[in-house]
Amino acid sequence: VADVPIYGRIATLKLFKPPCESKNLLFITTERHLFCVLAYDAHKGELVTRAMGDLTDRIGRPTELGQIGIVDPECRMIG
């Protein structure tokens, strides 16, 4: 069990396993449209950030129903 701080309110939390990976990855988005993909390093006993970024759409407007996180079953795309 790992106890780590996440700065922001979590909007989406999805666990997925790409075909080329031996372990699951965790996809997290916050209400301020930031995201990260985390993996667990068993040798070091810590979480490793595999990807991070900003999901803000500067042209469109925010959705009325809130954020939705979807991972393609074959892990080709995360939306």
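Heads up: the structure comes first, above all this text.
Attention in this report is confined to the structure presented alongside it. (Residues numbered from 1 in each chain as written. Predicted model: local features only at pLDDT ≥ 70, side-chain atom pairs only at ≥ 80, totals over all residues. Heavy atoms only, no water.)

What follows is about the sheet that holds strand S4 (residues 46-54). Across the sheet, which stays open at both edges, the four strands sit in the order S1-S2-S3-S4 with antiparallel pairing between neighbours. Looking along the sheet, the strands with just one partner apiece sit at the ends: strand S1 (10-16) and S4. Neighbour-to-neighbour, the strand axes of the sheet open up by a mean angle of 20°, direction not taken into account. Two strands pair when backbone bridges link them, and strand S3 (residues 34-41) and S4 are joined in this way by eight bridges, in the antiparallel orientation. (Pairing = 2+ DSSP bridges. Helix = DSSP H or I, 4+ residues; strand = E, 2+ residues; numbered from the N terminus. Axes fitted to C-alpha atoms, helices over the stretch in contact; angles between N-to-C directions.)

Let's shift gears to the environment of Cys 75. Mapped onto the secondary structure, Cys 75 falls in the segment after S4. Spatially, the C-alpha atom of Cys 75 lies 5.4 Å from that of Pro 18, the residues being 57 residues apart in sequence. Contact partners of Cys 75, with chain neighbours within four places excluded, come to Phe 16, Lys 17, Pro 18 and Pro 19. (Contact = heavy atoms within 4.5 Å.)

Moving on: the pattern of salt bridges. Within the structure shown, the criterion is met by one salt bridge. Between Arg 50 and Glu 21 there is a salt bridge, with its nearest N and O atoms 2.8 Å apart. Placement of Arg 50 in strand S4 and of Glu 21 in the loop between S1 and strand S2 (25-30) is noted, with a sequence separation of 29 residues between them. Taking relative accessible area as the criterion, Arg 50 reaches 44% and is therefore assigned partly exposed. Judged by relative accessible area, Glu 21 falls into the partly exposed class, the value being 21%. (Salt bridge = Lys/Arg side-chain N within 4 Å of Asp/Glu carboxyl O. Buried < 20%, exposed > 50% of the residue type's maximum accessible area, 1.4 Å probe, protein only.)

Shape is all these values report; function is a separate question.
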